[in-house]
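Secondary and tertiary structure notes
One-letter residues, chain by chain:
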Amino acid sequence: MSTDVFEATFSSNKEYADPFNDIDVDVIFSGNGRTWRVPTFWRGGNSWGVRFSAPLAGSYSFRLESTDRSNPDLNGHKGQMVLTGYSGTNTLLKRGPLKVSANKRYLQHADGTPFYWLGEGLYTALSDRIGWDDFQKLTLDRRAKGFTVAEVAAGLTVSNEERAPIDPGFRNEGGPVWDPDFKRINPQYFDYADRRIRFLVDSQIVPAIIGAWGTEIKVMGVAKMQKHWRYLIARYGAYPVIWILGGEISDPPINRSSEEKSLPSSAGWWTQVARYVREIDPYKHPLTAHEGVIPHDVALQEESLTSFDLTQPSHFGWSAIGIQIAQLNTRSSSTRLKKPIVVGEIGYEGMGGTHLQDFQRTAFWTAMLNGAAGYSYGTSEIAMATSLDKPLHRTRYSFYTWEEAMNFPGSYQVGIGAKLLMKYPWWQIEPHPEWIIPRGTTLLEPHEGRHDMDLGPPEPFLARDSAETSLPIAEWDYPKGEWKRKGGNFLLPYAAGIPRKLRITYIPYYGLLNFVSTRPPTILGLEDGVTYHAYYWEPSLGIKFDLGTVAKPGPGHLIRKDKFSKTSSDAWLATELSSARFDGQLIVEGRSAFLLKDVNETDLVASVDVHTDSDAALLLRYQNPDNYVAAVYSPIERAIYIAERKNGRDGPPRPRTQIKTTAPTVRLMAEIRDTVVAASVFDGDQTYSTAIETVSMIDSGAVGLMHEAPATTQSFSNFELRRSPTLVKDERLERKIYDARGIYRGELAGPGIPDVPQDWPVGWDDFGKRKYILLSAYRPDRPPVSGDLVLVLENRAELGNER
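Summarised in this report is the structure supplied together with it. The structure presented is a predicted model; accordingly, all values stated were derived computationally and were not measured. Per chain, residues are indexed from 1 in the order of the written sequence. Whole-chain, interface and lining totals are the exception, using all residues; otherwise, since this is a predicted model, local features are given only for residues with pLDDT of at least 70 and side-chain atom pairs are given and counted only at 80 or more. Hydrogen atoms and water are omitted, and side-chain values are computed over all heavy atoms in the structure.

Notes on the nonpolar core
The term nonpolar core refers to a set of buried residues drawn from Ala, Val, Leu, Ile, Met, Phe, Trp, Tyr and Cys, joined through side-chain atoms within 4.5 Å. Exposure categories follow from relative accessible area, calculated using a 1.4 Å probe and restricted to protein chains: below 20% of the type maximum is buried, above 50% is exposed, and the middle band is partly exposed. Of all hydrophobic cores here, the largest spans 150 residues; its most connected members are Phe 29, Phe 52, Trp 117, Leu 245, Phe 364, Trp 365 and Tyr 375. Here this core takes ten residues from helix H5 (residues 217–236), the largest share from any one element. Note on definitions: a residue-residue contact is assigned when non-hydrogen atoms from the two residues lie within 4.5 Å. With residues near it in sequence (within four places) discarded, Trp 365 still touches Gly 417, Leu 420, Leu 421, Ile 504, Tyr 506, Trp 537, Pro 539 and Val 790. If you look at the next biggest cluster of nonpolar residues, it comprises 37 residues, including Phe 582, Leu 596, Leu 618 and Ile 672. Runs of H or I in DSSP of at least four residues are treated as helices and runs of E of at least two as strands, each being numbered from the N terminus.

Shown next as structure tokens:
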């Protein structure tokens, strides 16, 4: 809880020629066993103001100290006051200011309540480019859409495009924030900024105050920038705020062996300012730096000075998604320094006619499922508060106004995405790429130091192939380095969640005939004894499609176990020239296939231990050498996969699941049911699984083992065959569909498309009722609509008390 804000003004009878620069005044507050040294802010003339809030209600005393010890008005002056605790419903004030969580993964309130960051870059919103009435309109719109943070600059913003504070774009009703020569600050600017900061807080939106744009320090110097920050801390530190040191800062650690001679004269300046902010902020608000599009891991020379990272993956088209994921993965998996990571700026909606609503959804969901502690959306029109009655910015990205941009669809869509996450204990969600196949690339291996990453193309985003011509860089070419070497691919699904409680998968979409959208991914590793309820969630309108109950079943009826004793030969039939020995193992040489006698099954689960480094396969629905399905384990290819042979021809190549195991013995398993099949390998520590694949072989058949590599030996042991277990059935699923606003969007009822593949739903009435659950994997029905989707599996019993 926070107390109400105490505010007072102190005046001096002693006159100063330049009071802002000639004297600094602090107020030392004491109470409840603590002491705070709070800087004052110059109000103009010979007056200084102070604002103070405390974590606990009670009696507090204060006294003044100044750098002019001879002034009795500003030294030793004492007072008492009583601060009352906040009793309203505003969560920012009720739960207290923000701090970093103990596990360094997210932000939370003082009372421990996790804080979800959904921000927007309202960089020039303290200027009068957007009027007071319009500022309120924009703020309330963002609040209604679920935004929780507004990134606002204290006058000195985007200085590579405007000449702050001279340009009228960065003035407000009180004038510019500083005089043109940066001699002294303008208190009247902040008098008008105050009501906007307070309105954000009253609207339960955290002001994330940007001190200045990164390049401005070259004009002001360190000392002036520190004075600027002292003023901001004095004026707004009593509020629940976040400090953003500067915009697009690049002040990384010095590589003294190669870079020191070419360092700019301002090297280390922002680091000095950050250290100063840390020292004088009595409230220890979270501090970060808005990063530029840079190939560095950190923004400052001392990365421990910032509480969390605020990244800018770039505005370079779809490649920004890959850069975003690489940044999140490599930083979160670093063992060097743990801190939350917020995506602070990426691909502004509509900028340059690109980054449209589909990009916005993809950026949001891939960020949140790759470990981001929060996400900031943006448009150039709102960031620069473009309007029709103000002079044009020197750089113009669009002729839309801020009000038109306020209604761009992306802001609504990331907002409903955040609201969906906030239904769950989102702060416990962590990336789990192993839960899904196919899957997008991740770089989550723990590491110390920095990854070999090239995160952004050189300016001006051109690749020169000769002195006369230049070609645009393909937006799929970045990031490079480690991501590129691993075949980085962000076009596939990403998964995250909380084991045994929640699984969330984002399924991206890149065109009407996109493979992933028409053949859903497979969810792997369903836990024993956990019952999930599944649904698709369409992220542009927020429509939920019920998929019913998903649970890993218990084992099916046992048909046969075989430990390959000396008498096992009576149960097996060799189909080709084969040799075998039975004494606890079935040892075969060269091309060999063995079938169980008197077994003719359709739906079954087979498993066997495989002991050597040669290939092996489980044969399923075997008709003859020209017609069967096989689950293949190939240690030579380091992969497992499904193969289907029909009428003497091998079917089209199927995706292979790569494995890393070097274990001498693995357990190969396969299940086939109806028109689908899946396989897995367990090496005693980790399970590798294929996707659930569709097959055309639907007749019952024999079951067996196969080894095809010539001049090599394979040995099998501990064979087991069971019928496929009984799955949970949903007699009734929710068929009426509504969007996030509660608007009725129809009903899933009626016939399906005739003559479609067997794994398509027969009709809308059956959507979600047919269960593709094999081994410990689940594949949902094909989506009911084209486009990107979110797939949610929720354990309602476990989540009931945590929402």
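Quick notes on the sheet that holds strand S5 (residues 47–52)
By the convention used here, strands pair only if DSSP detects at least 2 bridges between them. Taken in spatial order, the three strands line up as S1-S5-S4 in an open sheet, and their pairing is antiparallel. With partners counted over all chains shown, the strands left at the sheet margins are strand S1 (6–11) and strand S4 (41–44), one partner each. Adjacent strand axes in the sheet meet at a mean angle of 30 degrees, parallel and antiparallel pairs treated alike. As judged from the three bridges shared by S4 and S5, these two strands associate in the antiparallel manner. Counterpart to Gly 44 in the pairing with S5 is Ser 47. Throughout, an axis means a line fitted to C-alpha atoms (over the contacting stretch in the case of helices), and angles, computed between N-to-C directions, take values from 0 to 180 degrees.

Things to note about the sheet that holds strand S10 (residues 114–115)
Strand order across the open sheet formed by three strands is S8-S9-S10, with antiparallel pairing between neighbours. Among the strands making up the open sheet, the edge pair consists of strand S8 (98–100) and S10. Relative to S10, strand S9 (residues 107–109) is paired through two bridges, and the arrangement is antiparallel. Across the sheet, the residue bridging to Gln 108 is Pro 114, located in S10.

Details of the packing of helix H3 (residues 132–144) against helix H4 (residues 187–202)
In the contact formed by H3 and H4, the axes pass within 10 Å of each other and the chain directions differ by 20 degrees. In terms of orientation, H3 lies roughly parallel with respect to H4. When you trace H3 past H4, the crossing you get is right-handed. Residues Trp 132, Phe 135, Gln 136, Thr 139 and Leu 140 of H3 touch H4, and the partners they reach there are Arg 195, Arg 196, Phe 199 and Leu 200. Under this scheme an angle from 65 to 115 degrees is roughly perpendicular, one under 35 degrees roughly parallel, and one over 145 degrees roughly antiparallel; angles in between are oblique. We call a crossing left-handed when the near helix sits turned anticlockwise from the far one by less than a right angle, and right-handed when that turn is clockwise.

What about the pattern of salt bridges?
The term salt bridge refers to a side-chain nitrogen of Lys or Arg lying within 4 Å of a carboxyl oxygen of Asp or Glu. A full pass over the atoms with the stated rule returns 47 salt bridges. A salt bridge links Lys 227 to Asp 24; its shortest N-O distance comes to 3.1 Å. Here Lys 227 is found in helix H5, whereas its partner Asp 24 is found in the loop between helix H1 (19–22) and strand S2 (25–31), with 203 residues between them in sequence. For Lys 227, a relative accessible area of 16% corresponds to the buried category. Of the charged contacts in the structure, one is a salt bridge between Asp 626 and Arg 645, with a shortest N-O distance of 3.8 Å. In this pair, Asp 626 sits in the loop between strand S38 (616–624) and strand S39 (627–634) while Arg 645 sits in strand S40 (residues 639–646), placing the two residues 19 residues apart along the sequence.

Side note on the side chain of His 432
The residue His 432 is located in the loop between strand S21 (430–431) and strand S22 (436–437) in this model. Look past the residues within four positions of His 432 in its chain and what remains in contact with it is Ala 495, Ala 496, Gly 497 and Pro 499.

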